[in-house]
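# Descriptive analysis of the structure
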Amino acid sequence: MHLPVPAMEAHYPKYLLYCLLIAGSWLISCLLHFQYMHLSLSSSIAAPRRAALVVLPAALDASFLPAPAVEADDKRWSAAPVAASPSPSSPPPPPPPSCEGRYVYMLDLPSRFDMLWDCVAGSPLFDDMWSWCAITVNAGLGPKVVPATGNGSDGDSGIIPSTGWYSTDQYALEVIFHHWMRRYDCLTDDPAAATAVYVPYYPALELHQHLCGFNTTARDGPSEAFLRWLSAQPTWAALGGRDHFMVAAKTTWMFRREPGGGDDGCGNNFLGQPETGNMTVLTYESNIWAPRDIAVPYPSYFHPSSAGEVAAWQARARAAPRPFLFAFAGARRLKGQLVIRDRVFDVCEAAAWRGRCGLVDCSHGLEGSITCRTAAKLVALFTSARFCLQPRGDSFMRRSSIDSVMAGCIPVFFHRASTLEAQYRWHEPAGPGPGGRSGHRGRYYVLLNSDDVLEGRVDIEEELSRYSDEEVAAMREEVIRMIPRFLYRDPRARFEGEMRDAFDSTMDGVMDRMRRIRNGEDVTLKGDDSDEAMGANDS
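Structural notes, computed from the coordinates. Keep in mind it's a predicted model, so treat the numbers as computed, not measured.

## Some points on the overall build of the protein
Assigned secondary structure in the protein consists of 19 helices and 11 strands. Here the protein holds 539 residues, and the buried ones make up 50% of them. Expressed as a percentage of contacts within the protein between residues at least 6 apart in sequence, the contacts between residues at least 24 apart total 74%.

## A closer look at the sheet that holds strand S4 (residues 280-283)
Read from one edge to the other, the open sheet built from 5 strands follows the order S1-S2-S3-S4-S5, with strand pairing classed as parallel. Strands at the two margins of the open sheet, each flanked by one partner only, are strand S1 (104-106) and strand S5 (294-295). Pairing between S4 and S5: 2 bridges, direction parallel. In the strand pairing of S5, Leu282 is matched with Ile294.

## Quick notes on unusual backbone geometry
For Asn138, which is not glycine, the phi dihedral falls at a positive 55 degrees. Considering the arrangement of structural elements, one finds Asn138 in the loop between S1 and helix H4 (173-182). Although it is not a glycine, Ala139 adopts a positive phi angle of roughly 60 degrees. With respect to the helices and strands, the residue Ala139 is situated in the loop between S1 and H4. Classification of Ala139 as buried rests on a relative accessible area of 0%.

## Remarks on helix H6 (residues 216-231)
Over its 16 residues, H6 runs 22 Å from end to end, which matches the ideal 22 Å to within 8%, given 1.5 Å per residue. Considered for burial, the residues of H6 that qualify are Thr216, Arg219, Asp220, Ser223, Phe226, Leu227, Trp229 and Leu230. The secondary structure elements touched by the buried residues of H6 are helix H5 (203-208), helix H7 (234-239), strand S3 (244-247) and helix H8 (274-278).

## Some remarks on the state of the cysteines
A complete count under the given rule lists 4 disulfides for this structure. Two residues, Cys99 and Cys186, share a disulfide whose sulfurs are 2.0 Å apart. Linking Cys99 and Cys186, the disulfide has an S-S dihedral of approximately -80 degrees and is accordingly described as left-handed. Placement of Cys99 in the loop between helix H3 (71-74) and S1 and of Cys186 in the loop between H4 and strand S2 (196-198) is noted, with a sequence separation of 87 residues between them. Given the relative accessible area of 7%, Cys99 is considered buried. Covalently, Cys119 is tied to Cys133 through a disulfide, its sulfur atoms 2.0 Å apart. One disulfide, between Cys119 and Cys133, carries an S-S torsion of -85 degrees and so falls in the left-handed class. Taken together, the residues span a long stretch of sequence, with Cys119 in the loop between S1 and H4 and Cys133 in the loop between S1 and H4 at a distance of 14 residues. Residue classification places Cys133 among the buried residues on the basis of a relative accessible area of 1%.

## Section: the packing of aromatic side chains
By the definition in use, this model includes 19 aromatic pairs. Between Phe113 and Tyr201 the ring centres are 6.3 Å apart and the planes differ by 85 degrees, which places this aromatic pair in the edge-to-face class. Of this pair, Phe113 sits in the loop between S1 and H4 while Tyr201 sits in the loop between S2 and H5, placing them 88 residues apart in sequence. Residue classification places Phe113 among the buried positions, given a relative accessible area of 8%. Between Phe302 and Trp313, the ring centres sit 6.3 Å apart and the planes meet at 55 degrees, which makes this aromatic pair tilted. Placement of the pair is Phe302 in the loop between S5 and helix H9 (307-319) and Trp313 in helix H9, with a sequence separation of 11 residues. With respect to class, Phe302 is no different from Trp313; both count as buried.

## A few points about the side chain of Thr252
With respect to the helices and strands, the residue Thr252 is situated in the loop between S3 and H8. The exposure class of Thr252 is buried, given its relative accessible area of 0%. Residues within four places of Thr252 in sequence aside, it is in contact with Leu271, Thr283, Glu285, Ser286, Asn287 and Asp293.

## Looking at the pairing of S4
Residues Thr280 and Leu282 point to one face of S4 and Val281 and Thr283 to the other, with burial holding for every one of them. Pairing between S3 and S4: 3 bridges, direction parallel. Counterpart to Val247 in the pairing with S4 is Leu282.

## Quick notes on the nonpolar core
Counting residues in hydrophobic clusters, the biggest one holds 137 residues, and the most contacted among them are Val104, Met181, Phe245, Phe326, Phe387 and Leu420. If we skip the residues at most four places from it in the chain, Phe387 touches Leu325, Phe326, Ala327, Cys409, Ile410, Val412, Val446, Leu464, Tyr467 and Val472.

## With respect to the packing of H4 against helix H18 (residues 502-518)
Axis separation between H4 and H18 bottoms out at 12 Å; the angle between their running directions is 75 degrees. The angle between the axes of H4 and H18 places the two elements in the roughly perpendicular class. From H4, Phe177, Trp180 and Met181 reach across to H18, where they touch Phe503, Thr506 and Met507. Looking at the contact of H4 with H18 residue by residue, the classes come out as 5 nonpolar, 1 polar and no charged.

## A short note on the pattern of salt bridges
The final tally for this structure, using the stated rule, is 24 salt bridges. Among the salt bridges present, the one from Arg102 reaches Asp185, with a minimum N-O distance of 3.1 Å. One end of the pair, Arg102, is in the loop between H3 and S1; the other, Asp185, is in the loop between H4 and S2, and 83 residues separate them in sequence. In this structure, Arg356 engages Glu461 in a salt bridge whose closest nitrogen and oxygen atoms are separated by 3.1 Å.

## Here's the deal with helix H10 (residues 339-352)
Taking 1.5 Å per residue as the helical rise, H10 with its 14 residues ought to reach 20 Å, and the 20 Å between its terminal C-alpha atoms agrees with that figure. Turning to H10, its buried residues are Ile340, Arg341, Asp342, Val344, Phe345, Val347, Cys348 and Ala351. At its buried positions, H10 is contacted by strand S6 (324-330), strand S7 (357-361), strand S8 (385-390), helix H15 (450-454) and helix H16 (460-465).

## A word on the environment of Phe413
Tracing the backbone through its elements, the reader meets Phe413 in strand S9 (residues 410-413). Placed 34 residues apart in sequence, Phe413 and Leu447 show a C-alpha to C-alpha distance of 4.8 Å. Setting aside anything within four residues of it in sequence, one finds Phe413 in contact with Gln390, Ser401, Ser418, Thr419, Leu420, Tyr445, Val446, Leu447 and Leu448.

Rules and cut-offs
Residues numbered from 1 in each chain as written. Predicted model: local features only at pLDDT ≥ 70, side-chain atom pairs only at ≥ 80, totals over all residues. Heavy atoms only, no water. Helix = DSSP H or I, 4+ residues; strand = E, 2+ residues; numbered from the N terminus. Buried < 20%, exposed > 50% of the residue type's maximum accessible area, 1.4 Å probe, protein only. Contact = heavy atoms within 4.5 Å. Pairing = 2+ DSSP bridges. Expected span 1.5 Å × (residues − 1). Disulfide = S-S within 2.5 Å. Phe/Tyr/Trp six-rings, centres within 6.5 Å; stacked < 30°, edge-to-face > 60°. Core = buried A, V, L, I, M, F, W, Y, C linked by side-chain atoms within 4.5 Å. Axes fitted to C-alpha atoms, helices over the stretch in contact; angles between N-to-C directions. Parallel < 35°, antiparallel > 145°, perpendicular 65-115°, else oblique. Nonpolar A, V, L, I, M, F, W, Y, C, P; charged D, E, K, R; others polar. Salt bridge = Lys/Arg side-chain N within 4 Å of Asp/Glu carboxyl O.

So, in structure tokens, the structure goes:
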């Protein structure tokens, strides 16, 4: 009698096949996983260190400050997906720029040093024209300028285009620069790999809340507390802060109050502290007698997002009718404290009756202050004149000098220390040298000696009238060519086209300086004897 075959044995071939399939799938999965890990490790070893995004503190990342459009920029660091081969007519994409020697580490500051902590979405501070929250909109560019009808009413010629122009506060560069540093292509999260350390502290905004009329403790205390914190950080220990840099969006003199002075002055002693003596601090105006100071341009009103916008504005400035021989925008000082400015006023007012000078008087309190902060009026004035007078104000350098460059108006200076070549050495190539007694015919500016003007040896209108149409056209063309070097692009947009702006020139200078510091070289900026001679003439 035959015994029944067990069911398991009856189905033995089928179960064997199942086992083989399962084992094979497991083996294939292991092989694929091993291959992926091998490729990943090989890629990470071969590739250079990638720049890591560093974001602003929470208050600066609030919804009213749109995050910069960096997504497309960051994709160049990621593995490219497999795609069809480009057509023969399509050029290969350019390689990413080398970050060798250009890495920057951005410090993360404690919230107690965040000057914009109360600038949150919906805050009424944004409607307060005296609040610094108002200057932070549009990544620090300020409210967008709405083009006028161009009927000439209220001093507005309608020359400003519909894009790229903002009501930028002159003290907004700390915010603008911080936004640009968020997009800097060589940020790193490893301090040891960095050539430089960026400090996103806002010393000018901090000082602005107690600029004048406060005792010295109130003015010095907050910045001193910050410097104590900064000098205690691990990044500081390597070079004693000599590889650190920051922006202070006022002139150098506002941070150089003499220690031990009375409580009735203005400013603090931020730049007189030992810590800042080691750092690279970028201000609007350098102290030409302290060669370590470095100045960067004031932000003007033009912040383009494409090279096409810049070229179009240059063409518009080049073609603008200029009925005035010269123009001036500014205010008198009380009790004749600046006699050269009073003389400029007198000359312009007298020439205005003959249609030779355009004048915007900012002397009338709050109304005058608002007038001289109105982009449309200033740009309309400066694009209607051949020359723009730039006498010194509270200090040698004026934002008006940058505004005149943006308008294609030839600047006229009265002190050597006011010239762009004396101040902005990273942005303005070496100039032709100091002027003579009767004025200096530079390639793009005029330098008149203020003593000669005050003592009647030089008549401003007569001196400027000596320039021929051909000379004026050549000088204006030089000014217009300089426009890209003195503007700050919109930090929120991917810039279309090739153009280097003021931020690019600044970072080139900073990184070159930091590399030289690390190499043990002397980074003192060399001045010339004429700086002190002309700078001392401060009438």
